[in-house]
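Read off the chains here:
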Amino acid sequence: MRRFVLPLAVVFAVFAVGVLVYEQPAPEPGVSEATSLADMEIVGLPEKPRANPLTYRGDNAQKRLGFEQQRLVDPRTGALPAGIRRLERLHAARMPQALAGFGKNGSPLAESWELRGPINLGGRTRAIAIDQRYDGTSNRTIFAGGISGGLYRSQTGGASWELVTSRADLASITTIAQDPTSPDTWYYGTGEFLGNSASEPGGFFFGQGIFKSVDGGQTWEQLASTTNGEYTSFDNPFDFVWQLDVHPADGAVLAAAVGGIYRSTDGGQTWTNTLGSTQSPFALYSHVDVASDGSVYAAVSRNGQNVAQSGVFRSTDGGQTWSDISPADLTSDPYRMIVGHAPSDPDRMYLLVQSEPAGGSSTDHQFFRYDDGDWTDLSAMIPNVTEPDADGSEPLAGNASYTSQGGYDMVVAVKPDDEDIVWIGGTNLYRSLDAGETFETVGGYASPYTFAPYDEHHPDQHGFAFYPGDPDRMISTHDSGISFTDDPLQSPQRWTRLVDGYITSQFYHVSIDPQVGGSDLTLGGLQDNGTWGAEDPDGAVAWFNLTGGDGAYSAVAPGGDVFYVSAQEGFIFRVEQQGGGLIGTQVTPAGPEEGDFPFITPFVLDPTDSEVMYLAAGTSVWRNSDLSAIPTGEQEPTDVNWEAIEVDLDVTTVNAASDGTVYYGASDGGTTELGRIDDPASGDEPVDITPGGVVAGSYPIHVGIHPSDPEEILAAFSNYTVPKLWHSTDAGESWTDVSGNLAGDDGPSARWTALVPTGSGPLYLAGTSTGLYSTRTLAGSATEWQLEGADVIGNVVVSSIAVRPDDGLVVVATHGRGVYAAQVDVAGVSNEVAEVPGQARLLTPFPNPFTAGTTIAYELDEPAEIHLRVYDASGRSVASLAEGRQAAGAHEVTWTANGLASGLYLVRLETPAGTAVQRIVLNR
């Protein structure tokens, strides 16, 4: 029976000082008793709690990048293939798209995908701009760029958003600017150098240059001058664009990109490098800011290299020539620098500098104020919490002192009507009312002593915008989207999210209630946004927050009364209702050493016993035989019922079958293993079932299992260029590479697999870096995967798939466009036909796949001359089954395929009115 009431619109919190319970207060006289958790009060909360290791766990961008890089690089080279993001985009454009029905490209999921949310949570947002004509009535246009979700436009002042870039576009949008001389002309830049899925030189997901719109941002075209057609190497400085600005006098476009500052006077058709150098060694980081009087400030980094020109510069001729104005105390090797001018005083500018590679503390940075040639060093004023907490203990590092996490998050903004009011952003957002002499925290983490974020705001600052003509209304962007305030001088600062319809959230994992009729609970872990959930499948319903940090895996026990959530590096909590409230219990195994847990740690509940959990950590698959025995309210890692099954290599993924069999993947970067544990409860030793064709060092990212046939599995390897999808029907004793048309050096990275049972055989699903693909037929190298939800999900990264076999519910999580759901007809399809309209129907051969023989049925509406033939995958005719004139009505023929090899074949029914085709698979 369901025990908690919709909706769960309250934040769950567990603190290390003790058990924290949501308790329902006694109703006041005359007030009805509360009926939902939203009405419950939190009791037992310390006056100043220490940071909870799960709920408010701090972000670690560097560890996240290392984790993601390991899963993607070509193990033979140790790097991503050059230009792979553009290559896989071209590959994706050639892939067939799933259509409604079950003929050619048919899918039981096509045209049925619906957004499940979240509408109240955005993702990492670096690009923000407000139309200079914004007046609050006739013009309320704002643009925002989700780093992996696309460019959105709001014509309602941020109350609602619409995607204005193609769902096939894979660009990482980093900056956007409007032309003041032609306000319908806009530019946006792409290529996220920091925060990208890999960060080693030569191993990036490249951007796609600069895009331009001349119709107010409704449509966009790529500027050919900012990208080369080879797509095979770092071949253009605009592969990574840091900042764009447009000069107010003549519309000259200024771009801060790799190498320095570039200027275009012809709308982006051609560019001139006016500051820095395109010759190696070149600056990796640059920044540009056009002041209100037309003067231009710029910064070019050194990054430990002997670049030709670096420092801080000013131009008075629109960026054609530059004067070096670098402060005398500037570090000799600046890594990243941000300039921000004061609109009310063009001679005032602030400079924020990452002076050390780590960027992990306030002392790794410098801060300067520029006043018409005079510099003031304010570096000592950068927020640095050194005072102990009231109880005498030291505050946790990183939640109060300034950090840019290696330059990942750096912002400078000045209030348009007051040059003394300045904001700087790193992990937190800080405000100064006295020109940088003192600072107050106004965004990011809400307290020096916890990792709780500001309400309606978030850590990791990336962008700023002020409303034209109203300097008291401003927007801040961060890792959770967009926040707004109409009183930027408040203390404490209050914010309002502007993310309704801004679908840019970046999920790592999703889970659902596996029991039909149990609950509609959906849980998902997100990049730097913790775990969120919803108890309503309606995509218009707001989700609720459960944890902080980087949300990771989750699981829902049948019925939804108990569920599991986690944050990065293996912090896992059981959440259950007890005593009229929710209570959290840490179930993390105590056995693994520090650093053993993958950054996003896989775990799974046994599908037949939800008190049994399997988890990947270090070189072991960890098994808990009875989670319910862990004392309720436990707040530390535990040894209760945990045991390790050693597998020698670092375990990367784990999954459990309906008969108790466990499959796992493991890799140490040079060796790869897929394994099977037949009876973990009895101590069975792991069996190596690695396919013979797997490239050594490949990263096994997931093993999908048929829900009712534990011997049928579909394994995925996430690295580029390697064979990525492997199928077995005998528990891994033999394998077939079924990468099919997803293979190749330009093919996508695989992220997840799932098998959905239907009455006519499984539907196979593969989540990849270019979207969700499906097939009804696995045929080795001839397997044809087709894109699902092209107009809904698009070519965004699909990171996780959850399936409820009993009713065919499929929920997919994307890393950039939220969560989507669709339903499969699990009972099978009665009208699976290929049709010649008004003439004939070719029914699906049965059985399919087949080993001995298959029956091919067809129907004619009227007498006709027909040819029924079978062709192999290369198009060669291998059998003629029926020829000549035939009567109207039903016909069938049996084909035994004598002497032919296993593989894909095509049955073609040719009539005077057209041809119908069915695909069949022969499995010897």
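Residues numbered from 1 in each chain as written. Predicted model: local features only at pLDDT ≥ 70, side-chain atom pairs only at ≥ 80, totals over all residues. Heavy atoms only, no water.

> Hey, could you go over the overall build of the chain for me, with residue numbers and the actual values?
Counting secondary structure elements, the chain contains two helices and 68 strands. Relative to its 924 residues, the chain shows a buried fraction of 62%. (Helix = DSSP H or I, 4+ residues; strand = E, 2+ residues; numbered from the N terminus. Buried < 20%, exposed > 50% of the residue type's maximum accessible area, 1.4 Å probe, protein only.)

> Kindly report on the packing of aromatic side chains, identifying the contributing residues and their values.
If you walk through the whole model with that rule in mind, you get 24 aromatic pairs. Ring centres of Trp 161 and Tyr 502 lie 5.4 Å apart, and the angle between their planes is 50 degrees; on these two criteria the pair is classed as tilted. With a gap of 341 residues between them, Trp 161 in the loop between β8 (150-154) and β9 (162-163) and Tyr 502 in the loop between β33 (496-497) and β34 (507-512) connect regions that are remote in the sequence. By relative accessible area, which is 9% here, Trp 161 ends up buried. The exposure class assigned to Tyr 502 is buried, which follows from its relative accessible area of 0%. The ring centre of Tyr 408 lies 5.3 Å from the NZ or CZ of Arg 126, which sits over that ring. Over the ring of Tyr 871 we find Arg 908, and its NZ or CZ is 5.5 Å from the ring centre. (Phe/Tyr/Trp six-rings, centres within 6.5 Å; stacked < 30°, edge-to-face > 60°. Lys NZ or Arg CZ within 6 Å of the ring centre and 35° of its normal.)

> So what's going on with a negative patch on the surface? Residues and values would help.
A cluster of acidic residues, Glu 114, Asp 520, Asp 536 and Asp 538, forms a negative patch on the protein surface. With respect to the helices and strands, Glu 114 occurs in strand β5 (residues 114-117). (Patch = residues over 30% accessible without salt bridge, like charges linked within 9 Å, V, L, I, M, F, W, Y side chains within 5 Å. Areas by Shrake-Rupley, 256 points an atom, 1.4 Å probe, with all protein chains shown as cover. Salt bridge = Lys/Arg side-chain N within 4 Å of Asp/Glu carboxyl O. Lys, Arg positive; Asp, Glu negative; His and termini not counted. Charge placed at Lys NZ, Arg CZ, Asp CG, Glu CD.)

> Outline the sheet that holds strand β56 (residues 771-775), listing residues and values.
In space, the four strands of this open sheet follow the order β54-β55-β56-β57, with antiparallel pairing throughout. The two strands at the open ends of the sheet, each matched to only one other strand, are β54 (750-756) and β57 (786-787). Both strand β55 (residues 763-768) and β56 contribute to a ladder of five bridges, which runs antiparallel. Residue pairing in the sheet places Gly 767 in a bridge with Leu 772 of β56. (Pairing = 2+ DSSP bridges.)

> Would you mind going over the nonpolar core in detail, with residue names and values included?
The biggest cluster of nonpolar side chains holds 55 residues, and the ones touching the most others in it are Trp 113, Ile 475, Tyr 564, Leu 765, Ile 801, Val 810 and Val 812. Once residues within four sequence positions are removed from consideration, Leu 765 is found in contact with Leu 109, Leu 714, Trp 752, Thr 753, Ala 754, Val 756, Leu 772, Tyr 773, Ser 774, Trp 785, Ile 801 and Val 810. Leu 842, Ile 856, Leu 868 and Ile 920 belong to the second-largest nonpolar core, a separate cluster that totals 25 residues. (Core = buried A, V, L, I, M, F, W, Y, C linked by side-chain atoms within 4.5 Å. Contact = heavy atoms within 4.5 Å.)

> Quick rundown of the pairing of strand β50 (residues 700-705)? Include the residues and the values.
Counting buried positions over the six residues of β50 gives six, a clear majority of the element. Two elements, β50 and strand β51 (residues 713-717), share five bridges in a ladder whose sense is antiparallel. In the strand pairing of β51, Pro 700 is matched with Phe 717.

> Kindly report on the sheet that holds strand β60 (residues 819-823), identifying the contributing residues and their values.
Sheet architecture is open: four strands sit in the order β5-β60-β59-β58, paired in antiparallel fashion. Across the chains shown, the open sheet's two edge strands, defined by having one partner strand only, are β5 and β58 (798-804). Pairwise comparison of adjacent strand axes, ignoring direction, gives a mean angle of 30 degrees for this sheet. Judged from the six bridges that link them, β58 and strand β59 (residues 809-814) form a sheet pairing that is antiparallel. Residue pairing in the sheet places Arg 804 in a bridge with Leu 809 of β59. (Axes fitted to C-alpha atoms, helices over the stretch in contact; angles between N-to-C directions.)

> Requested: an account of the pattern of salt bridges, with residues and values cited.
When their charged atoms lie close together, side chains carrying opposite charge are able to pair. Applying the stated rule across the entire model yields 25 salt bridges. For Arg 314, the salt bridge is made with Asp 347, and the minimal N-O distance between the two is 2.9 Å. Here the residue Arg 314 occupies a position in strand β20 (residues 311-315), and Asp 347 occupies one in strand β23 (residues 345-354), the gap between them amounting to 33 residues. Relative accessible area serves as the criterion here: at 26%, Asp 347 is assigned to the partly exposed category. For Arg 431, the salt bridge goes to Glu 440, with nearest N and O atoms at 3.0 Å. Under the relative-accessibility criterion, Arg 431 is labelled buried at 2%. Each of the salt bridges in this network shares a partner with another, and the network as a whole consists of Arg 348, Arg 369, Asp 371, Asp 420 and Glu 437.

> Break down the environment of Pro 849 for me, citing the residues and quoting the values.
Position of Pro 849 relative to the elements: it lies in the loop between β62 (840-843) and β63 (854-860). You can call Pro 849 partly exposed: its relative accessible area is 42%. With 74 residues separating them along the chain, Pro 849 and Asn 923 place their C-alpha atoms 6.5 Å apart. Discounting chain neighbours no more than four positions away, the residues touching Pro 849 are Val 921 and Asn 923.

> Can you explain helix α2 (residues 84-94)? Please cite residues and give values.
Of the positions making up α2, those classed as buried are Ile 84, Arg 85, Arg 86, Leu 87, Glu 88, His 91 and Ala 92. Contacts from the buried residues of α2 go to β56.

> Let's hear about the side chain of Ser 154: which residues, and what values?
Relative to the helices and strands, Ser 154 is located in strand β8. Polar side-chain contacts of Ser 154 include one of 3.2 Å to the backbone nitrogen of Thr 156. In this structure the side chain of Ser 154 is engaged in a polar contact, spanning 2.7 Å, whose partner is the backbone nitrogen of Gly 158. (Polar contact = N/O pair within 3.5 Å; in protein donor to acceptor, adjacent residues only side chain to side chain.)

> Any chance you could break down the environment of Leu 909 for me, citing the residues and the numbers?
Relative to the assigned elements, Leu 909 resides in strand β67 (residues 903-911). With 27 residues separating them in the primary sequence, Leu 909 and Ala 882 have C-alpha atoms 9.1 Å apart. When near neighbours in sequence (up to four residues on either side) are disregarded, Leu 909 contacts Ala 840, Arg 841, Leu 842, Tyr 858, Ile 866, His 867, Leu 868, Gly 914, Thr 915 and Ala 916.

> Talk me through the pairing of strand β40 (residues 571-578); I want residue IDs and the actual numbers.
Within β40, seven of the eight residues are buried, leaving the element largely enclosed by the surrounding structure. Pairing between strand β39 (residues 562-567) and β40: six bridges, direction antiparallel. Residue pairing across strands places Tyr 564 opposite Arg 574, the latter belonging to β40. As consecutive antiparallel partners, β39 and β40 are separated by three residues, and within that stretch Glu 569 has a phi angle of approximately 65 degrees, a positive value.

> Would you mind going over unusual backbone geometry in detail, with residue names and values included?
Backbone torsion omega between Ser 280 and Pro 281 reads 0 degrees, so that peptide bond is classified as cis. Within the element layout of this structure, Pro 281 appears in the loop between β17 (272-276) and β18 (286-290). In this structure, Pro 492 follows Ser 491 across a cis peptide bond, with omega equal to 0 degrees. Position of Pro 492 among the secondary structure elements: in the loop between β32 (481-485) and β33.

> Hey, could you go over the confidence of the model for the chain for me, with residue numbers and the actual values?
With 85% of its residues at a pLDDT of 70 or more, the chain has an overall mean of 85. Every residue in residues 1-58 is under pLDDT 50, and counting partners more than four places away or in other chains gives 142 contacts. Below a pLDDT of 50 lies the segment residues 197-204, which in the model reaches 19 contacts outside its immediate sequence neighbourhood of four places, other chains included. (pLDDT = per-residue confidence, 0-100.)

> If you had to explain the environment of Ile 84 to someone new, which residues and values would you point to?
Looking at the element boundaries, Ile 84 is found in helix α2. C-alpha of Ile 84 to C-alpha of Phe 206: the two residues are 122 residues apart in sequence and 7.6 Å apart in space.

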